[in-house]
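Each chain is listed here by its residues.
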Amino acid sequence: MAEPRRAQRLDQPRERHRISMPRFDPEAFGAWSEGIARFMGTAKFLVYMTVVILLWIAWNVLAPPALRFDPYTFTFLTLVLSLQASYAAPLILLAQNRQADRDRVALEEDRRRAEMQKADTEYLSREIASLRIAMGEVATRDFLRSELGRLAEELDEQAQRRQRLERIQQQREMRGAAPRAARNGFDEPYDELGNP
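The numbers attached to residues start from 1 for each chain and follow its sequence in the written order. A pLDDT threshold of at least 70 governs which residues receive local features in this predicted model, and a stricter bar of 80 or more applies before side-chain atom pairs are shown or counted, although totals over entire chains, interfaces and linings include all residues. Side-chain calculation: all heavy atoms of the structure are included, whereas hydrogens and water are not.

Colleague: It is not clear to me how the overall build of the chain should be interpreted in this structure. Could you clarify?
Modeller: When its secondary structure is counted, the chain shows 5 helices and 0 strands. Every helix listed is a DSSP run of H or I at least four residues long, and every strand listed is a run of E at least two residues long, numbered separately from the N terminus. When the elements of the chain are put in sequence order from the N terminus, they spell out α-α-α-α-α. Here the term buried applies to any residue with accessible area under 20% of the maximum for its type, exposed to any over 50%, and partly exposed to those in between, with areas from a 1.4 Å probe on protein chains only. Going through the 196 residues of the chain one by one, you find that 10% of them count as buried. At a minimum sequence separation of 6, the contacts of the chain that also span at least 24 residues come to 52%. For every accessible area listed, the method is Shrake-Rupley and the probe measures 1.4 Å; residues are considered covered only by the protein chains on display. For the chain, the accessible surface area stands at approximately 18000 Å², while carbon and sulfur atoms represent 60% of it. Contacts are assigned to residue pairs with any non-hydrogen atoms lying within 4.5 Å of each other.

Colleague: Could you clarify how one ought to interpret the pattern of salt bridges in this entry?
Modeller: Charged atoms that come close allow side chains of opposite charge to pair. A pairing counts as a salt bridge when a side-chain nitrogen of Lys or Arg comes within 4 Å of a carboxyl oxygen of Asp or Glu. Enumeration according to the criterion identifies 9 salt bridges in this entry. Between Arg 150 and Glu 147 there is a salt bridge; the shortest N-O distance is 2.8 Å. Taken as a pair, Arg 150 and Glu 147 lie in helix α4 (residues 141–175) at a separation of 3 residues, close to a single helical turn. Since its relative accessible area comes to 38%, Arg 150 is described here as partly exposed. Accessibility expressed as a relative area gives 26% for Glu 147, which makes it partly exposed. What emerges from the salt-bridge pattern is a single network uniting Glu 27, Glu 34, Arg 38, Arg 98 and Arg 102.

Colleague: Quick question: what am I supposed to make of the packing of aromatic side chains here?
Modeller: Any pair of aromatic rings gets described here by the distance separating the centres and the angle formed by the planes. A pair of Phe, Tyr and Trp rings is counted when the ring centres sit within 6.5 Å of each other, with Trp represented by its six-membered ring. The angle between the planes then sorts it: under 30 degrees is stacked, over 60 is edge-to-face, the rest tilted. Under the criterion given, the structure shown has 6 aromatic pairs. Where Phe 39 meets Tyr 48, the ring centres are 6.5 Å apart and the plane angle is 40°; that geometry is what we call tilted. Overall, the relative accessible area of 48% leaves Tyr 48 in the partly exposed class. Seen from their ring centres, Trp 56 and Phe 76 are 5.4 Å apart, and the 35° between their planes marks the pair as tilted.

Colleague: Where do I start with the packing of helix α2 (residues 43–62) against helix α3 (residues 75–137) in this structure?
Modeller: Between two packed helices, what matters for the description is the angle formed by their axes and the separation of those axes. With axes taken as lines fitted to C-alpha atoms, and helix axes fitted only over the stretch in contact, angles between N-to-C directions fall between 0 and 180 degrees. Where α2 meets α3, the closest approach of the two axes is 11 Å, and the angle between their N-to-C directions is 160°. Classified by the angle their axes make, α2 and α3 are roughly antiparallel. Of the two elements, α2 crosses α3, and the hand of that crossing is right-handed. Contacts between α2 and α3 involve Phe 45, Met 49, Ile 53, Trp 56 and Ile 57 from the first element and Phe 76, Leu 77, Val 80, Leu 81 and Gln 84 from the second. Classes in brief: Ala, Val, Leu, Ile, Met, Phe, Trp, Tyr, Cys and Pro nonpolar; Asp, Glu, Lys and Arg charged; the others, Gly included, polar. Residue composition of the contact of α2 with α3, by class: 9 nonpolar, 1 polar and no charged. The scheme is simple: roughly parallel for angles under 35 degrees, roughly antiparallel for over 145, roughly perpendicular for 65 to 115, oblique for anything else. Should the near helix be turned anticlockwise from the far one by less than a right angle, the crossing is left-handed, and should it be turned clockwise, the crossing is right-handed.

Below, the structure is given as structure tokens:
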């Protein structure tokens, strides 16, 4: 059975057959171009290039005229070197762009880490400042020692006063403080030393 033919609609554009271009992975191509650019920047490449050019010139100068493929002006050598330069420059630029992208990502990461470290440092500074303030309100060992020493002195003074009062009290009882109070008619107040 034959397929029914689709009617062409006038309200829709015609479908165009697009030419499919070969697809390539930009990352793989970029890595490949970086590899070439790195190799071209080495001394090994310069030595290889120099050897090839010297062999080329030597062959085209010293070989029999029938075997020479590039006569004296070396036009073909110039063309090959120009072709190499025309491909090397974009590959080097592509490698530099990829390196610049990596550097940008690394710079952003470094900036993010620096901001985090700055925030951590500021937080720790605030915490240390609050601890210092809190430590100003907390009793230190030296403060406690001085306060305990002062309290011990006060307790010693009170113990000495108590002993003096007890001695005075004992002396009164011995002297007969009661008959003297009866002579005066009232009890006179005495201070801590027993003086009226």
